[in-house]
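Notes for the structure review
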Amino acid sequence: MTEFDRYGLFEYFLSEAEDHINTLDRGISELGTAQDTDPILEEMLRAAHTLKGAAALVKLNSTSTIAHRMEDILEELRDSEMRATKGILEILSYMLDAIKGLIYDISEGRGEGPGVEQDVFAKVDEFMEKEKAEPVYPVPAPQEILESEEVSEEISEAFPVEIPLPEKREAVGRRKEDFEFFSGNFVKVDVRKVEEMLNLIGEITIKKNYLLQKTKDTGDIADEIFFVGRRLLKEVDNFAERYGYSLPGNIKYIDPLLSEFGELEFDRYDDLNLFSRKLQEITNDIAEALRELSEFFGTFGDNVKNMDNLIKLLRSDISESRMIDIGRLFQRFVRPVKEMAKQYDRKTELLIAGGDTKIDKVIFERLFDPLMHILRNALIHGIESPAERLQKGKKEEGLVFLSARREGNAVIVEVNDNGRGIDTERLFNQAVKDGLFRNDYTPSKEELLSLIFMPGFTTSETADMASGRGMGMSAVRRLISAINGVVEMDTDSGSGTTFRIKVPSTLVITNAIVFSSGDVEFIMPASLIEEIIMLDFKPDQEESPSAINYRETNIPARNLSEILGIAIKTDKLSRPVIVCNVSNKRAGLIIDEIVGQEETIIKPINRFLGGLHLYSGTT
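This one's a predicted model, so the numbers in the text were calculated from it and none came from an experiment.

Before going further, it helps to spend a moment on the overall build of the protein chain. Within the protein chain one finds 19 helices and 15 strands. For the protein chain, the share of sequence-separated contacts (at least 6 apart) that also reach a separation of at least 24 residues comes to 73%. Carbon and sulfur atoms provide 52% of the accessible area of the protein chain, an area that totals close to 35200 Å².

Now the structure itself:
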């Protein structure tokens, strides 16, 4: 097998391994609470069995043997030889962490760490001894695994050389890398979806060829119009040379014989009459050419519309091929939440809903960090300790609800907790102390909550490893904004807090509003716009207001032309205002005119224009 084939098979293994690990991770979290564990164990067994065989196939011996040991434990659980106790779940999680670490090292090109499986088996045997249980079945050698999987000799010989191992031995355990994604640039696409895309490309190609042929026909029509036009100009020039200084009543007949005709008899034979006939013929030719041209452009427009529809279908299919169930992302938070709850003495249950909501792979990956920070805040600042909850008349166990749903072209992700909520009065006092508000000012709830997203703003008096510096939520807003998303929050003091993240379902195509200020056109993603309203100006009003009334609330407003120093090109007394809502803070952008709405691709600004932080990209 060539080096390219070898590399390609590794890439495919990494893509498949991620699916199996997600299945095992989800199963471990469900085993502790499920009434009927048989379906869960069957699914986990299939995942461990397939992962074991796939790893053995590419000579990843440590990964394969650990997966085999996990498979044995799962079989005993299925056969009721063991119970899914807390200790069993912890040891399964430990083994899965080891597999994650090994696969991450493989994806980074470092190969499997030496001796990892010995550490894992030692911990498993130690646990089994404490539980006074017989050790699970002996682990077979990698060659036995290959034989049991009935792998063909041709494939098994494809990797005769062992993967290079690092000299330094790494400890088994949870690391930051274990939570990261190692599937590379692979996404799974249904073959039927690929066939649909190919068929659409074929239809577009047919339309393209037809339009190219019609474009040539248009050239012939244009040549005909130009030819007729030249004839017309020639006849007009000739007529002008002969009769430019003659009056119609003084025209002399060229042939003396024609002078015998009377005026009524001759009017159809004179030069004026002949000239008018030629003009009529030429005009008819031009009219016919223009009619053909008009028919062509009518057909051309219809075909362009058909092509546009085909392109939209193709774009939709391509976008769907990059989509992933967001539940795969949510599942990665189950164990970290459990561990943080244990670390900070919180009894907390994480509930998940809407896991089948599809989202673009790029957004999928970029949502991990902001969601992880919000969940951490919910546990540390939101959910109270068991004693405090009981004192407040709440259940001892707190709830964190993570959900997703589709709204049009956007995906809404919500993190809701039933903890203590946010003390808005405390936010106001801190804002006054920091000089952000006057003591006599009465801010709205939205204004107070927007303070949380300000860099450096915090109500904590001390900082520790988890919080207190006031930078976390600012980073969350920045990360969400980078994918054309917005984050909002709401709170009910004593009852809980909700964070709502709205992101586009895909970054391939952006639904945007086109508007103008002066002679310049701009475009803004529709996901950032809450509403477009009209603002009335007085006839003698020269400057734009710094604030406007929006739904019974004053919000700041700026005129884009004034910000950029562009001359205003409209004298209309009513101008559009784009109301944006970013992180619970509304602002109005006064513009000259709304041009329209379109779907577009926003590309990042190049290095030459990299300092223009007002813009996120070009189109």
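And the narrative resumes.
Read across the open sheet, the 5 strands follow the order S10-S13-S14-S12-S11; overall the sheet is mixed. Two strands in the sheet have a free side with no partner beyond their single neighbour: strand S10 (529-536) and strand S11 (547-550). For this sheet, the mean angle separating the axes of adjacent strands, direction not counted, is 35°.

The next thing to look at is the environment of Leu 314. In this fold, Leu 314 is placed in helix H10 (residues 271-321). The exposure class assigned to Leu 314 is buried, which follows from its relative accessible area of 13%. For Leu 314 and Ile 204, which are 110 residues apart along the polypeptide, the C-alpha to C-alpha distance reads 9.5 Å.

This part covers the nonpolar core. Counting residues in hydrophobic clusters, the biggest one holds 48 residues, and the most contacted among them are Phe 333, Leu 367, Leu 371, Val 413, Ile 501 and Val 503. With 7 residues, the single largest contributor to this core is helix H14 (residues 368-382). Beyond its immediate sequence surroundings of up to four residues, Ile 501 is in contact with Leu 367, Leu 371, Ile 374, Val 411, Ile 412, Val 413, Ile 480, Val 486 and Val 487. Of all hydrophobic cores here, the second largest spans 43 residues; its members include Ala 47, Tyr 94, Ala 98 and Val 124.

The next point concerns H14. Since the α-helix packs 3.6 residues into each turn, any two residues three or four apart lie on the same face. Here H14 spans 20 Å end to end across 15 residues, near enough to the 21 Å set by a 1.5 Å rise per residue. Buried residues dominate H14, accounting for 12 of its 15 residues. Residues of H14 that are buried include every one of Phe 368, Pro 370, Leu 371, Met 372, His 373, Ile 374, Leu 375, Asn 377, Ala 378, Leu 379, Ile 380 and Gly 382, and no others.

You can see Ile 206 is positioned in helix H8 (residues 191-243). Put simply, Ile 206 and Met 307 are 101 residues apart on the chain and 9.7 Å apart in space, counted from C-alpha to C-alpha.

A separate point is the side chain of Glu 384. With respect to the secondary-structure elements, Glu 384 resides in the loop between H14 and helix H15 (386-391). Here the side chain of Glu 384 touches Lys 392 through a polar contact of 3.2 Å, side chain to side chain. Excluding its chain neighbours within four sequence positions, the residues that come into contact with Glu 384 are Arg 346, Arg 389, Lys 392, Lys 394, Asn 418, Gly 419 and Arg 420.

Our next topic: the sheet that holds strand S9 (residues 520-525). Read across the sheet, 3 strands follow the order S9-S8-S15 without closing on themselves; strand pairing throughout is antiparallel. Two strands close off the open sheet at either side, each with one partner strand: S9 and strand S15 (593-600). Going from strand to strand, the sheet's axes swing by 30° on average, the running direction of each strand aside. Here 6 bridges tie strand S8 (residues 510-517) to S9, and the two strands are oriented antiparallel to one another. Paired with Ser 517 across the two strands is Val 520, which belongs to S9.

Right, let's talk about the packing of aromatic side chains for a bit. In total, this model carries 4 aromatic pairs according to the counting rule given. With centroids separated by 5.3 Å and ring planes inclined at 15°, the aromatic side chains of Phe 333 and Phe 368 adopt a geometry described as stacked. Of this pair, Phe 333 sits in the loop between helix H11 (327-330) and helix H12 (334-343) while Phe 368 sits in helix H14, and the two are 35 residues apart along the sequence. One exposure class covers both Phe 333 and Phe 368, and it is buried. Geometrically, the ring pair formed by Phe 437 and Tyr 441 is tilted, given 5.3 Å between the ring centres and 45° between the ring planes. Its relative accessible area of 15% is what places Phe 437 among the buried residues. Residue Tyr 441 is classed as partly exposed on the basis of its relative accessible area, which comes to 30%. Aromatic rings pair up to connect Phe 428, Phe 437 and Tyr 441 into one cluster. Over the ring of Tyr 94 we find Lys 123, and its NZ or CZ is 4.9 Å from the ring centre. The cationic tip of Arg 575 hangs over the ring face of Phe 537; the distance from NZ or CZ to the ring centre is 4.3 Å.

A few words now on helix H5 (residues 116-130). Compared with the 21 Å implied by 1.5 Å per residue over 15 residues, the 22 Å span of H5 between its first and last C-alpha is a close match. Restricting attention to buried positions, one finds in H5 the residues Val 116, Glu 117, Val 120, Phe 121, Val 124, Phe 127 and Met 128. Considered in projection along H5, the buried side chains sweep an arc of 125° and stay on one side of the axis. Away from the buried face of H5 by more than 90 degrees, exposed residues Glu 129 and Lys 130 are located. The elements touched by buried residues of H5 are helix H3 (61-78) and helix H4 (86-107).

Criteria and thresholds
- Residues numbered from 1 in each chain as written.
- Predicted model: local features only at pLDDT ≥ 70, side-chain atom pairs only at ≥ 80, totals over all residues.
- Heavy atoms only, no water.
- Helix = DSSP H or I, 4+ residues; strand = E, 2+ residues; numbered from the N terminus.
- Contact = heavy atoms within 4.5 Å.
- Areas by Shrake-Rupley, 256 points an atom, 1.4 Å probe, with all protein chains shown as cover.
- Pairing = 2+ DSSP bridges.
- Axes fitted to C-alpha atoms, helices over the stretch in contact; angles between N-to-C directions.
- Buried < 20%, exposed > 50% of the residue type's maximum accessible area, 1.4 Å probe, protein only.
- Core = buried A, V, L, I, M, F, W, Y, C linked by side-chain atoms within 4.5 Å.
- Expected span 1.5 Å × (residues − 1).
- Polar contact = N/O pair within 3.5 Å; in protein donor to acceptor, adjacent residues only side chain to side chain.
- Phe/Tyr/Trp six-rings, centres within 6.5 Å; stacked < 30°, edge-to-face > 60°.
- Lys NZ or Arg CZ within 6 Å of the ring centre and 35° of its normal.
- Arc of directions from axis to C-beta.

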